[in-house]
Amino acid sequence: MKTGNLIIGWLYPELMSTYGDRGNILVLKKRCQWRGIKVKIIKLDTGFDKKQLSMCNLLFMGGAQDKQQQIVVSDLMEKRTELKRMIENGIPGLYICGAYQFLGKYYKDADGTTIASLGIFDLFTVNPGRGFSRQIGASAVQLPNKQIIVGFENHGGRTYLGKTVKPFGKILKGFGNNGADQTEGAVYKNSFGTYFHGPVLPKNPGFADLLIKLALEKKYDSPINLSPLDDSLELQAHTAIINTLKI
Ligand code: GLN
């Protein structure tokens, strides 16, 4: 199959989008278009219709401050059943920082308020509060396939994984899930949670393509080989960060 089409659902673009996260949507869109894959982006803002969610082949939600997470949570919980069905069914997705925290069982924020979460990923997050430093800076992680992903973190929450999710990768530089156990992010079925903002996809084009490939394979129920693109600029950015971090 040379082309195809995808619907990308962008969850809470107004409230859940920090540190350049919207750049991930631009990358997914352009990398599809450059290959002749038709792509439609549906913005799923507060109060969206669940039917729109069900149409999506790929999901994205960015990060936010605690305040925005408190605003979004009630709307998100109304959509829990459908989101869970989609994630369990292997609909791929990328969930950054606050969105990643939302996939877990709960997030105890900097004020000690427990924000209910979707309970789809076996993990929980605790923000130890104002006396503790936020985990900020450029980071890198190594995936199980040895690929290196670079990103930028800025979070107060510390995330602890349960047994049924795997870490996205092992921290090479930075803090990752909690600054202690060397894990970063989590993977469950075809859904990826990570603390990496930046945005993460422009400087990790292989990760962007993995999401596109998974979405097409799920939609068309057949193996997909994406045509290669000229990634020289993207890879220069990737290498520059690795060099700066002295990995
Ligand atoms: N508010 C959350 C925290 O501080 C998430 C931050 C983010 O998404 N950048 O941990």
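Residues numbered from 1 in each chain as written. Predicted model: local features only at pLDDT ≥ 70, side-chain atom pairs only at ≥ 80, totals over all residues. Heavy atoms only, no water.

Asks: I would appreciate a short explanation of the sheet that holds strand β12 (residues 183-184) in the present structure.
Replies: Note: strands within a sheet are paired through backbone hydrogen bonds, in either parallel or antiparallel orientation. Sheet architecture is open: four strands sit in the order β9-β8-β11-β12, paired in antiparallel fashion. The sheet is open, and its two edges are formed by β9 (148-155) and β12, each paired on a single side. (Pairing = 2+ DSSP bridges. Helix = DSSP H or I, 4+ residues; strand = E, 2+ residues; numbered from the N terminus.)

Asks: So what exactly am I meant to see when it comes to helix α7 (residues 232-244) here?
Replies: Side chains of residues three or four places apart in an α-helix project in the same direction, reflecting 3.6 residues per turn. The end-to-end C-alpha separation of α7 is 18 Å, in line with the 18 Å expected for 13 residues at 1.5 Å each. Tucked into the core, α7 has its buried residues touching α1 (22-33), β9 and α6 (205-220). Among the residues trailing α7, K246 stands out with phi positive, at a value near 55°. (Expected span 1.5 Å × (residues − 1). Contact = heavy atoms within 4.5 Å.)

Asks: What should I look at first to understand the site of the ligand in this one?
Replies: Around the ligand, a shell composed of 16 residues is seen, among which A64, D66, Q69, C97 and G157 lie nearest. At 3.0 Å, a backbone N or O of G98 approaches an oxygen atom of the ligand. Here an oxygen atom of the ligand and a side-chain polar atom of Q101 are 3.0 Å apart. Considered on its own, the ligand offers 300 Å² of accessible surface; in the complex 100% of this is hidden by protein. Mapped onto the shell around the ligand, the elements with two or more residues apiece are α3 (66-78), α5 (98-103) and β9. Broken down by class, the residue content of the shell around the ligand amounts to four nonpolar, ten polar and two charged. (Near = heavy atom within 4 Å. Polar contact = N/O pair within 3.5 Å; in protein donor to acceptor, adjacent residues only side chain to side chain. Areas by Shrake-Rupley, 256 points an atom, 1.4 Å probe, with all protein chains shown as cover. Nonpolar A, V, L, I, M, F, W, Y, C, P; charged D, E, K, R; others polar.)

Asks: Explain unusual backbone geometry here, please?
Replies: Working note: non-glycine residues mostly have negative phi, and peptide bonds are mostly trans. Here the bond from G198 into P199 is cis, since omega is -5°, no more than 30 degrees from zero. Structurally, the position occupied by P199 is in the loop between β14 (191-194) and α6. A positive phi is found at Y19, a non-glycine position, where the angle reads about 45°. Inspection of the secondary structure assignment puts Y19 in the loop between β1 (4-11) and α1. Accessibility expressed as a relative area gives 31% for Y19, which makes it partly exposed. Here D221, not a glycine, exhibits a phi torsion of approximately 50°, which is positive. (Buried < 20%, exposed > 50% of the residue type's maximum accessible area, 1.4 Å probe, protein only.)

Asks: Help me understand the pattern of salt bridges in this model?
Replies: Pairing between side chains of opposite charge can happen when the charged atoms of each approach one another. As enumerated under the stated definition, the model contains ten salt bridges in all. Measuring nitrogen to oxygen at the nearest pair gives 3.0 Å for the salt bridge that ties K213 to E217. Taken together, the positions of K213 and E217, both in helix α6 and four residues apart, correspond to about one turn of that helix. Assessed through its relative accessible area of 27%, K213 is described here as partly exposed. Through salt bridges with shared partners, a single ionic network connects R31, R35, D209 and D231. (Salt bridge = Lys/Arg side-chain N within 4 Å of Asp/Glu carboxyl O.)

Asks: I tried to follow the packing of aromatic side chains on my own but got confused; where do I start?
Replies: In this description, an aromatic ring pair is defined by two values, namely the gap between the centres and the angle between the planes. For the coordinates displayed, the defined rule picks out nine aromatic pairs. The structure contains a cluster of three or more aromatic residues connected by ring pairs, namely Y106, F124 and Y160. Over the aromatic face of F48 sits the side chain of K79, whose NZ or CZ is 4.2 Å from the ring centroid. (Phe/Tyr/Trp six-rings, centres within 6.5 Å; stacked < 30°, edge-to-face > 60°. Lys NZ or Arg CZ within 6 Å of the ring centre and 35° of its normal.)

Asks: Where do I start with the pairing of strand β4 (residues 93-96) in this structure?
Replies: In regular strands, side chains alternate between the two faces of the sheet. Here β4 shows a buried face lined by G93 and Y95 and a second buried face lined by L94 and I96. The pairing of strand β3 (residues 58-61) with β4 spans three bridges and is parallel. If you follow L59 over to β4, its bridge partner there is G93.

Asks: What should I look at first to understand the side chain of N154 in this one?
Replies: Inspection of the secondary structure assignment puts N154 in strand β9. In terms of polar contacts, N154 uses its side chain to reach the side chain of R134, at 2.9 Å.

Asks: Before we go on, may I ask you to explain the sheet that holds strand β5 (residues 106-108) in this structure?
Replies: Across the sheet, four strands lie side by side as β6-β5-β7-β10; this open sheet has mixed pairing. The sheet is open, and its two borders are formed by β6 (114-116) and β10 (158-161), each paired with just one other strand. If you compare each strand with its neighbour and ignore which way they point, the axes differ by 20° on average. Inspection of the sheet shows β5 paired to β6 by three bridges, in the antiparallel sense. Its bridge partner being in β6, K108 is matched across the sheet by T114. (Axes fitted to C-alpha atoms, helices over the stretch in contact; angles between N-to-C directions.)

Asks: Explain the environment of M86 to me, please; I cannot follow it from the model alone.
Replies: Inspection of the secondary structure puts M86 in helix α4 (residues 80-88). The buried category is assigned to M86, whose relative accessible area is 1%. Beyond its immediate sequence surroundings of up to four residues, M86 is in contact with L53, S54, C56, L59 and I91.

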